[in-house]
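Residue-level structural notes
Here is how the chains run, residue by residue.
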Amino acid sequence: MKEHILPALRLTLVCLAFFSGIYTAAVWGVAQILPNKGRAERLPHENGYYYANVGQAFRSDRYFWPRPSAVGYNAAGSAGSNKGPTNPDYLAVVQTRIDTFLAQHPGIRRAEIPADIVTASGSGLDPHISPQAANVQAGRVAQARGMPVSDVAALVQAHTEKPWLGFVGNTRVNVLRLNLALDQLTNAGPSNQNGLKPG
Amino acid sequence: MQTELYTILFFFMLTVALAYPFGRYIARVYAGERSWLDPVFDPLERFFYRLSGVDAKREMRWQEHMKVMLTINAVWFLWAMFVLTNQGWLPWNPDGNPSMTPGLAFHTAISFVVNCNLQHYSGEAGATYFSQIFALMFLQFVSAGTGMAAGAVVFNAMRQRTTLQLGNFYAYFVKSCTRILLPLSFLAAIVLAAEGVPMNLGGGKDQAPGPEGDTVEVSRGPVAGFVAIKQAGTNGGGYYGANSTHPLENPTILTNMLENFLILIIPMAFVFALGFYLKKKRLAFMIFGVMSAGFLLLLAPALIAEMRGNPHLGQMGISQAAGNMEGKELRLGAGLSALWSISTTATSNGSVNAMHDSFMPLGGAMQLLDMMINSLFGGVGVGFLNFYIFIILATFIGGLMVGRTPELLGKKVEAREMKIAMLVALLHPFLILVGTALAAWMAASGAPVAATWLNNPGAHGFSEMLYEFTSASANNGSGFEGLADNNPFWNISTGLALILSRFLPIVGPVAIAGLLAAKQTVPGSAGTLRSDSATFGALVFCIILIIAALAFLPALALGPIAEHFSF
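In this text, all values refer to a predicted model and were calculated from it rather than measured experimentally. In this numbering scheme, every chain counts its residues from 1 along its sequence in written order. Throughout, the order in which chains and ligands are written sets their labels, letters from A for the former and numbers from 1 for the latter. Only residues with pLDDT of at least 70 get local features here, since the model is predicted, and only at 80 or more are side-chain atom pairs given and counted; chain-wide, interface and lining totals rely on the full set of residues. Just so you know, side-chain values use all the structure's heavy atoms and leave hydrogens and water out.

A closer look at the overall build of chain A
Convention followed: Counting from the N terminus, the helices are DSSP H or I runs at least four residues long and the strands are E runs at least two residues long. Just to be clear, the radius of gyration here is over C-alpha atoms, and the globule rule we use is 2.2 Å times residues to the power 0.38. Burial here depends on accessible area, computed with a 1.4 Å probe over protein chains only, as a share of the maximum for the residue type. Under 20% is buried, over 50% is exposed, and the range in between is partly exposed. Any two residues whose heavy atoms approach within 4.5 Å at even a single point are treated as in contact. Areas reported here follow the Shrake-Rupley algorithm with a probe of radius 1.4 Å; residue values treat only the protein chains shown as occluding. Charge counting follows a simple rule: Lys and Arg are positive, Asp and Glu are negative, and His as well as the terminal groups are ignored. Here the site of a charge means NZ on Lys, CZ on Arg, CG on Asp, or CD on Glu.
The helix and strand tally for chain A stands at 5 helices and 5 strands. Sequence-ordered secondary structure for chain A, helices as α and strands as β, is α-β-β-α-β-α-α-β-β-α. A compact globule built from 199 residues would reach a C-alpha radius of gyration of about 16 Å, whereas chain A, at 23 Å, exceeds it by more than 25%. Across the 199 residues in chain A, those meeting the buried criterion constitute 54%. Long-range pairs, those at least 24 residues apart, make up 60% of the contacts in chain A with a sequence separation of at least 6. Carbon and sulfur atoms form 59% of the exposed surface of chain A, whose accessible area is close to 8,500 Å². Considering chain A, the positive charge centre built from 18 side chains and the negative charge centre built from 12 side chains are found 7 Å apart.

Dropping the structure here:
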């Protein structure tokens, strides 16, 4: 065993230098010439930028709401609820979410509520909701903003992303992008606070 | 439902189609044949050998291979322990995260050395940039290389000749890392970064103003490079706590399919590599057929259960068109999450793109069964070693059935080899069942330490404990993450299970292959049970089924099966 220790130590050092050092530096180097410069997809605005793919909390009636998050949309501490499908406490929580949602969205039938808007995502940072989850919120958002429902519905339609290659993955709506577009529509003009920079 | 089915079938066939030529490449690497990449890799590897002072041409016996492997793994463990217990003051800690406690560091170091990556910490708050890159990602490369090198030793030993000399461990190890893991990870890392996985070296958490006036804190880091090798080396330990459910670790459907592809590609290619290496393609097809059949048979129930959704939510009257969405990401959906969950448990990868704790009981049962079998493709290199044990068992039982001394590829399988094979085969259920029994006894007897372990009551709580020991013993690393596992009991018990279940299933098959290689070749006759026939494949499949069913059905009945029938 003894004669193997020194080569093991030396090989460990070489591997550390190469796989931790050079590999990481090389990936970082190439990332710098990518469009996003290895900084994730960001949406610039007047006060900085938003992370396009990181779900964020929206609580106001004027916005579309994202899915429930087990960690309160803490992007420095991701996690899911880890609740099992038969856990009575969990089922009670979902029941409460459904009842609350119905109370906040009069005129919506129970069967119209999609599961994604009353269940917590895996990361707690899901940036998307289903088009159906956006449509059932359209009336509430339109009322809060004093807009015609058809305008809001059209915006949802315009922000519905198709599956990759037409069939891989889910049809979805990015809540942040949709809400920013809403703000742009409502605040168009010099009073624009939160809208995207042109281009 | 239908589009998911097409997607999954298309994905599976594409992965197999790419695994075949990749397997040929792997075989060439281990056989030392010339390739057009030599001008790059030859000097690089010479550089590795010269700096480490090893003679990569010196042939080793199987015992020496194992000594070299255990020695260097011990060095890695000590290095990781040092880094993790001192990461708080070591450089490159922009988030100011604290050092790990000794118990947690012990568990984490073991877990990454053995290629398991079971995590009792959460990356954002529990590790630093330095420890992620210089301890954890380093181990993701070298532990994968270790498993593949051990696989290469068994390849070498299975060749048709009588010998004690089975190649050089350092050479197999370095080549696995440089020629197989490195190019694959590098290319994948670039694609991941381009698709929006962060790859920054400094700065720590980003503070971005939120749309509603609050501040959004976003954890970042050198994620893209980390995630690539995490997926390709069947490691599975996420940069972020939520692993590949996290929208920065797996932002798009493209990254999801790429990461799922990386889970499967080397374990699949390794089977074809055996065929090319031994020039016995039919043997590889037999093994591949058994593995694929098992894989698809486990996938189907999981897929159906997830796509149907949770009946309890159905009773509440809401629409479940998208399936069971608790713990899942909308961009990925229930179907592709089921595909990933079976891929990751089949290969001992252990990364997740949805929370396994919140899968339907049937989905959870299939994940458990996948890890209990632990050789449907299996971990890089070691998946084949586990399957090799089943081949030995099938050879023996088949030999008994036809009344001849069992032979594998012209070598007599005798009592000594069988004893080793049985020891390895029984270790897996022993660790899982004894560990779970102990934990369940503590939880049921109301031990104060166990009061806060479980996140779910009843049968599902039992499943959480069963899953943890199964994942540890399969060196998988996924979890029913509701389990509160960062405490002395779980850190130490699963830590010990990890060591045993990594090194015995490597040393055992290498020893058997080494012993067989030293024997004289017996010429085949009409009465020989051919190991590359469909009959033999069916026999192996049945033996896998019988061992898994006999050993694990009672435990599964107490957990996911009981929960399933509670609907």
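Digging into the domain arrangement of chain A
Put simply, the rule reads: Boundaries between domains were set according to an automatic or database domain assignment.
For chain A, the domain assignment lists domain 1 (1-39) and domain 2 (40-187). Inter-centroid distance (C-alpha atoms) of domain 1 of chain A to domain 2 of chain A is 40 Å.

A look at the packing of helix α14 (residues 382-402) of chain B against helix α18 (residues 534-564) of chain B
All names here are of chain B. Where we set the bar: Lines are fitted to the C-alpha atoms to define the axes, a helix being fitted only along its stretch in contact, and any angle between axes, read from their N-to-C directions, falls within 0 to 180 degrees. Each angle is binned into one of four classes, with values under 35 degrees roughly parallel, values over 145 roughly antiparallel, values of 65 to 115 roughly perpendicular, and all other values oblique. Any residue outside Ala, Val, Leu, Ile, Met, Phe, Trp, Tyr, Cys, Pro, Asp, Glu, Lys and Arg is labelled polar, Gly included; the first ten of those are nonpolar and the last four are charged.
The geometry of α14 relative to α18 is characterised by a closest axis approach of 9 Å and an angle of 110° between their N-to-C directions. As the angle between them shows, α14 and α18 are arranged roughly perpendicular. Contact with α14, carried on its side by Phe387, Phe390, Ile391, Leu393, Ala394, Thr395, Ile397, Gly398 and Met401, involves Phe536, Leu539, Val540, Ile543, Ile544 and Ile547 of α18 and no other residues of that element. Residues belonging to the contact of α14 with α18 are distributed by class as follows: 13 nonpolar, 2 polar and no charged.

What to know about the interface of chain B and chain A
Selection rule: Once two parts are brought into contact, the accessible area they lose, counted with a 1.4 Å probe and summed over both, makes up the buried area. The term salt bridge refers to a side-chain nitrogen of Lys or Arg lying within 4 Å of a carboxyl oxygen of Asp or Glu. Polar contacts, as counted here, are pairs of nitrogen or oxygen atoms within 3.5 Å of one another; within protein the pair requires one atom able to donate a hydrogen and one able to accept it, and residues that are adjacent in sequence qualify only if both atoms are side-chain atoms.
Contacts between the two partners involve 107 residues from chain B and, on the opposite side, 93 residues from chain A. Both faces combined, the contact of chain B with chain A buries some 8,100 Å², and carbon together with sulfur accounts for 66% of it. Ranking the residues of chain B by area buried against chain A places Pro211(B), Glu326(B) and Leu330(B) at the top, with a combined share of 10%. At the junction of chain B and chain A, the tally comes to 3 salt bridges. The closest approach of N and O atoms between Asp206(B) and Arg42(A), which form a salt bridge, is 3.8 Å. Our count for the contact surface shared by chain B and chain A stands at 41 residue pairs in polar contact (both at pLDDT 80 or more). Taken together, the residues that form the side of chain B that touches chain A break down as 58 nonpolar, 29 polar and 20 charged.

Overview of the pairing of strand β2 (residues 215-218) of chain B
All names here are of chain B. Under the convention used in this document: Note on pairing: DSSP must find at least two bridges between two strands before they are called paired.
Taking every second residue as pointing to the same face, the buried face of β2 carries Val216 and Val218, while none of Thr215 and Glu217 on the other face is buried. Looking at chain direction, strand β1 (residues 206-209) and β2 are connected through 4 bridges and run antiparallel. Along β2, the bridge assignment pairs Asp206 with Val218. In this structure, the hairpin formed by β1 and β2 is closed by a connection of 5 residues, where Gly213 is found at a positive phi of approximately 95°.

What to know about the sheet that holds strand β5 (residues 172-174) of chain A
Residues and elements named next belong to chain A. Ordered in space as β3-β5-β4, the 3 strands form an open sheet in which the pairing is antiparallel. Each edge of the sheet is formed by a strand with only one pairing partner; in this case those strands are β3 (128-129) and β4 (160-161). With 2 bridges connecting them, β3 and β5 associate as antiparallel partners. Within β5, the residue paired with Ile129 across the bridge is Val173.

What about the pattern of salt bridges?
Residues and elements named next belong to chain B. Tallied over the entire structure, the rule returns 24 salt bridges over all chains. Between Arg179 and Asp38 there is a salt bridge, and its shortest N-O distance comes to 2.9 Å. In this pair, Arg179 is assigned in helix α7 (residues 169-194) and Asp38 in helix α2 (residues 38-52), connecting sequence segments 141 residues apart. Take Arg179: its relative accessible area is 6%, and that puts it in the buried class.

Describing the packing of helix α15 (residues 415-444) of chain B against helix α17 (residues 488-517) of chain B
All names here are of chain B. Axis separation between α15 and α17 bottoms out at 8 Å; the angle between their running directions is 170°. Comparing their axes, α17 and α15 come out roughly antiparallel. Contacts between α15 and α17 involve Arg416, Glu417, Ile420, Ala421, Val424, Leu427, Leu431, Leu438, Ala439 and Met442 on the former and, on the latter, Phe489, Trp490, Ala497, Leu500, Ser501, Leu504, Pro505, Gly508, Ala511, Ile512, Leu515 and Leu516. Split into classes, the residues belonging to the contact of α15 with α17 amount to 18 nonpolar, 2 polar and 2 charged.

Re the packing of aromatic side chains
By convention here, two paired aromatic rings are described through the distance between centres and the angle between planes. Basically, it comes down to this: Any two rings among Phe, Tyr and Trp, with Trp reduced to its six-membered ring, count as a pair given centres within 6.5 Å; such a pair is stacked if its planes are under 30 degrees apart, edge-to-face if over 60, and tilted if neither. The rule for a charge over a ring is simple: NZ of Lys or CZ of Arg within 6 Å of the ring centre, and within 35 degrees of the ring normal.
With the rule as written, the count across this model stands at 38 aromatic pairs over all chains. Seen from their ring centres, Phe130(B) and Phe134(B) are 4.9 Å apart, and the 20° between their planes marks the pair as stacked. Here Phe134(B) and Phe130(B) lie together in helix α6 (residues 129-157), a separation of 4 residues that amounts to about one turn. Site record: aromatic cluster; members linked through ring pairs are Phe12(B), Tyr20(B), Phe272(B), Phe276(B), Phe285(B), Phe288(B), Phe295(B) and Phe377(B). Over the face of the ring belonging to Tyr49(A) we find Arg42(A), whose NZ or CZ atom lies 3.9 Å from the ring centre. Its guanidinium or amino end placed over the ring of Phe359(B), Lys328(B) lies 4.1 Å from that ring's centre, counting from NZ or CZ.

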